[in-house]
Every structure is written in structure tokens, then in C-alpha cells.
Amino acid sequence: MLVELFRKFSPKEMSEIKDDDLTDRIDSILVLEAVLGTLNDLTPEQIAIFDAAVEGRSIR
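The model shown is predicted, which means the values in this text are computed figures rather than measured ones. (Residues numbered from 1 in each chain as written. Predicted model: local features only at pLDDT ≥ 70, side-chain atom pairs only at ≥ 80, totals over all residues. Heavy atoms only, no water.)

Looking only at helices and strands, the protein chain has four helices and zero strands in total. Start at the N end of the protein chain and walk to the C end: the helices and strands fall as α-α-α-α. Its C-alpha atoms give the protein chain a radius of gyration of 17 Å, more than 25% over the compact-globule value 10 Å for 60 residues. When its C-alpha atoms are laid out on the principal axes, the protein chain stretches across 55 × 20 × 15 Å. Within the structure as shown, the protein chain displays about 5,200 Å² of accessible surface, and the carbon and sulfur contribution to it stands at 59%. Distance between charge centroids for the protein chain: 5 Å, based on 7 positive and 13 negative side chains. (Helix = DSSP H or I, 4+ residues; strand = E, 2+ residues; numbered from the N terminus. Rg over C-alpha atoms; globule rule 2.2 N^0.38 Å. Areas by Shrake-Rupley, 256 points an atom, 1.4 Å probe, with all protein chains shown as cover. Lys, Arg positive; Asp, Glu negative; His and termini not counted. Charge placed at Lys NZ, Arg CZ, Asp CG, Glu CD.)

As a further point, take the pattern of salt bridges. Following the criterion strictly, the structure yields three salt bridges and no others. Its salt-bridge partner being glutamate 4, residue arginine 7 comes within 3.3 Å of it at the nearest N-O pair. Relative accessible area serves as the criterion here: at 47%, glutamate 4 is assigned to the partly exposed category. (Salt bridge = Lys/Arg side-chain N within 4 Å of Asp/Glu carboxyl O. Buried < 20%, exposed > 50% of the residue type's maximum accessible area, 1.4 Å probe, protein only.)

What follows deals with the environment of leucine 42. In this structure, leucine 42 sits in the loop between α3 (19-39) and α4 (44-55). With 20 residues separating them in the primary sequence, leucine 42 and leucine 22 have C-alpha atoms 31 Å apart.

This paragraph deals with the confidence of the model for the protein chain. The pLDDT averaged across the protein chain works out to 88; a share of 95% of its residues lies at or above 70. Element-level mean pLDDT values for the protein chain span from 86 in helix α1 (residues 2-6) up to 92 in helix α2 (residues 11-16). (pLDDT = per-residue confidence, 0-100.)

Attention now moves to the packing of aromatic side chains. According to the stated counting rule, one finds one aromatic pair in the structure shown. Seen in terms of ring centroids, phenylalanine 6 and phenylalanine 9 are 6.1 Å apart; in terms of plane orientation they differ by 35 degrees. Their pairing is tilted. Take phenylalanine 9: its relative accessible area is 30%, and that puts it in the partly exposed class. (Phe/Tyr/Trp six-rings, centres within 6.5 Å; stacked < 30°, edge-to-face > 60°.)

Here it is in C-alpha cells:
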């Protein structure tokens, strides 16, 4: 998935991205993928609780 994403950039564009910035981008993508994978295993009730927590509201 990362290879496909970064394939959209030319070698010149890739070399211009600072290492720290590239690392941050990759870390963010990996965290997002991990969270999405976890959400696939949740029940509808658990998803509602997660959504409420992300939005900062309570569930009754």
C-alpha cells in the first residue's frame, strides 16, 4: 500500500522530502491502517461507542 502511494511521486519529489517528514507521513499512514483494521472487528455497538468518543460526546 505504501509503495503504491509513494509511486505517485517522482524520484526527484521523493528525494526532496526530508527524512523526518517522510517518517512522520509513514507513521501516520500506518497508525490509520492499524485503527481501520481494528474497527473492522468491532460490533455495531462498539463502533457507536468509538464514534462517540472520537466526537467527544457521551452515549446513553
